[in-house]
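Single-letter residue listing:
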Amino acid sequence: MAKNMENNANVKLSFLERFAYGMGDYAGNLVYSAISAFLIVYYTNVVGASASAAASIIAISKIFDGISDLAMGYIIDHTHSKWGKARPWIARLCVPLAVCTVLMFTVPSSFVGKAQLAYMFLTYNLVSTIFYTGINVPYATMNGLMTTNQYERGLLGNFRNLLATAGTMTINTFVLKMTKFFGGGDAYEQKGWTLTFIVLMIVFVVLNMFMFFCCKERVVENGESRGEEEKKEKVSFLKGLKGLVVNKYWVLMVISIFAMYFMMSCFFGSALYFVKYNVGDEGKYALISNCLSVAQIAALFITPFLMKVMSKKQLFMAGMALTGVGFLCTGLTTNVALLCVLSAVKGIGFACGGATMYGLLQDAITYGEWYNGYGTAGMGNAASSFCMKVGSGIGTAALGWILDAGGFKAELAEQSKSALAAINTVFAWVPLVTMVIVVVCLALFDLDKHYDKAIADLQQGKHRLDSAE
């Protein structure tokens, strides 16, 4: 039988702790958004690699990346330290991730052909497969370990998405300006990219340590000491994985997350291409991108109040439907003013999804503990992170492959009609399809009918089979 949760696990968190948790995703997006928005651009326009080669490296790497997520989840579930199960990994791995990110955006000019591709493959995997996984899976797991309160988990997701959006906005606004400044007036000079990421990664380390010192894990079992933890039965990797697969709510959320991250890789990864070639004015990139980010940030100040009058599921569904409308209209125009409006529409939809997605995932994982009789918080978040990264990787690969199929050539100032159509496809039409998939999954997500009973039973040390008895 499962042991009781601590009574203080269902707590309200302070503003400082919520803010500090959110700053962890601001820091994370200094890496993630840079990869999503600029890595393919860096590889094609700075390094000189082909779009398909760069995309293939990322797609192949995501297989390893996803496996490392599952391994990291298993490690978290079997970590016992005075700082908790997930939090210590933030402090341990933020510096190695920062160093490797700088190296990823510093491909030596003397490397050509296979040497160049090997360096890209190695540094990308050091960043994404090993160190970003080593921080991001624990970070996601902390949401479920800081409190069991559904509303507070929603607020943590809200703060996370709010500050993640601010991190994305920082990348979209400043990276090209910084590379141009440090590159002596040339935004695509290697020196500029190296110095830019040295500065960004210093900020990354500082913010991760701020989060580490301000946040606390509370969701532990009653009377659980370090010695007792080590003596209790350990959940095997296969048993943990089986417990996730039989949890339909976790499966629905994972499909939704996969679709969301696939969409983001296509959409954000193609944004600079779309503005540069389809709109014909690279200088409008920050404006159009920041309209989305500003609207998302503004909406995130409203979503906590919306979560008091509607469920997280309903808010997520409404946001994705609105975003789908935004993508539909985006596919039909290149007018800058209209694109700014549609970016704001998508930003509002993203806010609704970002504020609720991670909280719903944690609720599904908690339900799984009640349903199966054992907890797999680390594995649950790791396997969902696996799907995030596979979705992101396949999305990035799709971006590169579709551009290549359309005849995109980085060396051309003006692209062919087929290349422009390919850019439009990954910028608008592919994301629209993913929004439909998410809405269908959410329509089937009826966890609210069971969550209160699951929490009540867990607090009494019971799970589903005990209740049946």
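This is a predicted model, so every value here is computed, not measured.

> So what about the overall build of the protein? Which residues, and what values?
Scanning the protein from terminus to terminus reveals 17 helices and 0 strands. At 22 Å, the protein has a C-alpha radius of gyration in line with the 23 Å of a compact globule built from 469 residues. Considered along the principal axes of its C-alpha atoms, the protein spans approximately 70 × 45 × 35 Å. Counted over contacts in the protein with a minimum sequence separation of 6, partners at least 24 positions apart contribute 84%. As displayed, the protein has an accessible area near 17800 Å², and 67% of this comes from carbon and sulfur atoms. Across the protein, the mean location of the 36 positive side-chain charges is 2 Å away from that of the 29 negative side-chain charges.

> Any details on helix H10 (residues 285-300)? Residues and values, ideally.
Under the 1.5 Å per step criterion, the end-to-end length of H10 is 23 Å for 16 residues, consistent within 8% with the ideal 22 Å. In terms of burial, H10 is a largely internal element, 12 of the 16 residues being buried. As for H10, its buried residues are in contact with helix H1 (15-47), helix H5 (150-182), helix H9 (248-279), helix H11 (303-306) and helix H13 (336-372).

> How would you summarise the packing of H1 against H9 if you had to cite specific residues and measurements?
The angle between the axes and the distance between the axes are what describe a pair of packed helices. One way to put it is that H1 packs onto H9 with a least axis distance of 9 Å and a crossing angle of 50°. Relative to H9, the element H1 lies oblique. Our pair here, H1 against H9, has a crossing hand that is right-handed. Of the residues in H9, those in contact with Tyr32, Ser36, Ala37, Phe38, Ile40, Val41, Thr44 and Asn45 of H1 are Tyr261, Ser265, Phe268, Gly269, Leu272, Tyr273 and Tyr277. Split into classes, the residues belonging to the contact of H1 with H9 amount to 10 nonpolar, 5 polar and no charged.

> An account of the nonpolar core is requested, with residue identities and associated values reported.
Formed by 138 residues in total, the largest nonpolar core has its most connected members in Tyr43 and Phe204. It is H9 that contributes the most residues to this core, 22 residues altogether. Beyond its immediate stretch of four places on either side in the chain, Tyr43 contacts Gly48, Ala49, Ala54, Met104, Val107, Met120 and Tyr124.

> Describe the pattern of salt bridges, naming the residues involved and giving the relevant values.
Taken as a whole, this structure holds 9 salt bridges when the rule is applied. Residues Lys449 and Asp446 are paired through a salt bridge, measuring 3.0 Å at the closest nitrogen-oxygen approach. Taking relative accessible area as the criterion, Lys449 reaches 63% and is therefore assigned exposed. A relative accessible area of 23% places Asp446 in the partly exposed class.

> Residue-level account of a nonpolar patch on the surface, with values.
Residues Ile60, Ile63, Phe64, Ile67 and Phe121 make up a contiguous nonpolar surface patch of roughly 470 Å² in combined accessible area. Residue placement: Phe64 occurs in helix H2 (residues 51-77). With a relative accessible area of 43%, Phe64 lands in the partly exposed category.

> Which residues make up the confidence of the model for the protein, and what values go with them?
Residues at a pLDDT of 70 or more form 93% of the protein, whose mean pLDDT is 86. Across residues 1-7, confidence stays below pLDDT 50; counting only partners more than four residues off in sequence or on other chains, it has 31 contacts.

> I'd like a rundown of the side chain of Asp25, residues and numbers included.
Note on placement: Asp25 falls in helix H1. Looking at Asp25, its side chain comes within polar contact range of the side chain of Arg160, at 2.8 Å. Excluding residues that lie within four positions of it along the chain, Asp25 makes contacts with Tyr139, Arg160 and Ala164.

> Any chance you could break down the environment of Pro96 for me, citing the residues and the numbers?
By secondary structure assignment, the location of Pro96 is in helix H3 (residues 87-104). Note on Pro96: relative accessible area 24%, which makes it partly exposed. Each C-alpha atom of the pair Pro96 and Leu176 lies 24 Å from the other, and the pair is 80 residues apart in sequence.

> How would you summarise the packing of aromatic side chains if you had to cite specific residues and measurements?
As enumerated under the stated definition, the model contains 33 aromatic pairs in all. Aromatic pair Phe181 and Phe182: ring centres 5.2 Å apart, planes at 70°, arrangement edge-to-face. Its relative accessible area of 64% is what places Phe181 among the exposed residues. Look at Phe274 and Phe427: their rings are 4.2 Å apart centre to centre, the planes differ by 15°, and that puts the pair in the stacked class. Linking Phe274 in helix H9 with Phe427 in helix H15 (residues 417-443), this pair joins segments that are 153 residues apart in sequence. Judged on exposure class, the residue Phe274 and its partner Phe427 are both buried. Members of the aromatic cluster, each reached through a chain of ring pairs, are Phe38, Tyr42, Tyr43, Phe105, Trp193, Phe197 and Tyr285.

> Residue-level account of the side chain of Gln296, with values.
Locating Gln296 in the fold gives a position in helix H10. The class for Gln296 is buried, based on a relative accessible area of 7%. When residues no more than four places from it in sequence are discounted, the contact partners of Gln296 are Asn161, Thr165, Gly347, Ile348, Phe350 and Ala351.

> Describe the packing of H1 against helix H4 (residues 113-146), and please don't skip the residues or the numbers.
For the pair H1 and H4, interaxial distance at closest approach is 11 Å and the crossing angle is 160°. Considering their axes alone, H1 and H4 lie roughly antiparallel with respect to each other. As H1 packs across H4, the resulting crossing turns out to be left-handed. Touching Glu17, Tyr21, Gly22, Gly24, Asp25, Gly28, Val31, Tyr32, Ile35, Leu39, Tyr43 and Val47 of H1 are Gln116, Met120, Tyr124, Val127, Tyr132, Tyr139, Ala140, Met142, Asn143 and Met146, all from H4. Across the contact of H1 with H4, the residue classes break down as 15 nonpolar, 5 polar and 2 charged.

> Any details on H4? Residues and values, ideally.
Its 34 residues place the ends of H4 48 Å apart at the C-alpha level, agreeing with the 50 Å of an ideal helix rising 1.5 Å per residue. Taking the largest bend as the criterion, H4 deviates by roughly 50°, centred on Tyr132. Most of H4 is tucked away, with 25 of its 34 residues classed as buried.

Reading the values: rules and limits
- Residue positions are counted from 1 within each chain, in the order its sequence is given.
- Local features in this predicted model are restricted to residues of pLDDT 70 or higher, and side-chain atom pairs are both shown and tallied only at a pLDDT of 80 or more, whereas totals for entire chains, interfaces and linings draw on every residue.
- Side-chain metrics rest on all non-hydrogen atoms present in the structure, leaving aside hydrogens and water.
- Helix and strand assignments follow DSSP, with helices taken as H or I runs no shorter than four residues and strands as E runs no shorter than two, numbered in order from the N terminus.
- This radius of gyration counts C-alpha atoms alone. The globule rule is 2.2 Å times how many residues there are, raised to the power 0.38.
- In this description, contact between two residues means that some pair of their heavy atoms is separated by no more than 4.5 Å.
- Here the Shrake-Rupley method, with its probe set to 1.4 Å, supplies the accessible areas, and only the displayed protein chains count as covering residues.
- Here the positive residues are Lys and Arg and the negative ones are Asp and Glu; neither His nor the chain ends is included.
- Lys charges are placed at NZ, Arg charges at CZ, Asp charges at CG and Glu charges at CD.
- Multiplying one less than the number of residues by 1.5 Å gives the expected span of a helix.
- Burial classification: accessible surface area is computed with a 1.4 Å probe over protein chains only, and a residue below 20% of its type maximum counts as buried, one above 50% as exposed, and the rest as partly exposed.
- A fitted line through C-alpha atoms serves as each axis, taken over the contacting stretch for helices, and the angle formed by two N-to-C directions is quoted from 0 to 180°.
- With respect to orientation, any angle under 35 degrees is reported as roughly parallel, any angle over 145 as roughly antiparallel, any angle of 65 to 115 as roughly perpendicular, and every other angle as oblique.
- In this scheme the handedness of a crossing depends on how the near helix is turned from the far one: anticlockwise by less than a right angle means left-handed, clockwise means right-handed.
- Lys, Arg, Asp and Glu make up the charged group, whereas Ala, Val, Leu, Ile, Met, Phe, Trp, Tyr, Cys and Pro make up the nonpolar group; the residues left over, Gly among them, are polar.
- Note on terminology: a nonpolar core comprises buried Ala, Val, Leu, Ile, Met, Phe, Trp, Tyr and Cys residues joined through side-chain atoms within 4.5 Å.
- Within this document, salt bridges are pairs made up of a side-chain nitrogen of Lys or Arg and a carboxyl oxygen of Asp or Glu, the two lying within 4 Å of each other.
- Patch rule: a residue counts if its relative accessible area is over 30% and it has no salt bridge; like charges are joined within 9 Å, and nonpolar side chains (Val, Leu, Ile, Met, Phe, Trp, Tyr) within 5 Å.
- Known as pLDDT, the predictor's confidence for each residue is given on a scale from 0 to 100.
- Residues adjacent in sequence count toward polar contacts only when both atoms are side-chain atoms; beyond that, a polar contact is any pair of N or O atoms within 3.5 Å, and within protein one must be able to donate a hydrogen and the other to accept it.
- Centres within 6.5 Å make a pair out of two Phe, Tyr or Trp rings, where for Trp the six-membered ring is used; the pair is then stacked when the planes are under 30 degrees apart, edge-to-face when over 60, and tilted otherwise.
- What is called the bend at a residue is the angle between a pair of axes, fitted to the seven residues leading up to and ending at it and to the seven starting from it.

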